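Structural description and commentary
Listed here are the chains, written in short residue letters.
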Amino acid sequence: MTSYTVSHTVCSVHYMTPGTDNHELFENLRLELRRGSLVLAVLAALRKEHYGYTLRKTLSERGMAIDEGTLYPLLRRLESHGLLVSEWREEDKRNKRFYKLSADGKEMLKQLLTEWQGINSSLNGML
């Protein structure tokens, strides 16, 4: 009996079944849509050098609010792929890590923007 209950619970949580709350479904799909857009937004914003707080603020002001717990791992991942460079500097008596696009990051941004424009054009044609 216990294994059925656990199995049933796992299936109910991981797979959207008919009757799933529409708001919950919308939120899941919205987050999925935003996840892919965040990489492009971060790369575009880092055409100009930023440290984490100002990057978060810039993205938020432009309608792409991002949680610290999402932003910093994303920055580390993009840097590990060679798309960003960073350096620690003292500003206002505090050490801050500044990020900007690398040469590879600029090229990747260019390629992703071309892809984004193609997707956007296709979607506009369908909508």
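Refer to the structure printed above.
Now for a quick tour of the structure. Please read these numbers as outputs of a predicted model, since none were measured by experiment.

Conventions and cut-offs
Residues numbered from 1 in each chain as written. Predicted model: local features only at pLDDT ≥ 70, side-chain atom pairs only at ≥ 80, totals over all residues. Heavy atoms only, no water. Core = buried A, V, L, I, M, F, W, Y, C linked by side-chain atoms within 4.5 Å. Buried < 20%, exposed > 50% of the residue type's maximum accessible area, 1.4 Å probe, protein only. Helix = DSSP H or I, 4+ residues; strand = E, 2+ residues; numbered from the N terminus. 1 Å grid on protein atoms, 1.4 Å probe; cavity = no way out; pocket = protein on both sides within 12 Å on 5 of 7 lines; lining within 4 Å. Points joined across faces, edges and corners; volume = space filled by probe spheres on them.

1. Some details on the nonpolar core
The biggest cluster of nonpolar side chains holds 21 residues, and the ones touching the most others in it are Val 42, Leu 46, Leu 55, Leu 59, Leu 75 and Leu 84. Among the elements that make up this core, the one with the highest residue count is helix α2 (residues 22-45) (seven residues).

2. Description of unusual backbone geometry
A positive phi angle is found at Asp 92, which is not glycine, with a value near 55 degrees. Relative to the assigned elements, Asp 92 resides in the loop between β2 (84-91) and β3 (94-101). The backbone of Lys 93 shows a phi angle near 65 degrees, a positive value even though the residue is not glycine. Inspection of the secondary structure assignment puts Lys 93 in the loop between β2 and β3. Classification of Lys 93 by relative accessible area gives exposed; the value is 79%.

3. Considering the layout of surface pockets
Computed from the structure, the largest pocket encloses a volume of approximately 250 Å³. Lining the largest pocket are Leu 33, Gly 36, Ser 37, Val 39, Leu 40, Leu 112, Glu 115, Trp 116, Ile 119, Asn 120 and Leu 123. Contributing elements (two or more residues each) for the lining of the largest pocket: α2 and α5 (103-126). The dominant element in the lining of the largest pocket, judged by the number of residues it contributes, is α5, at six residues.

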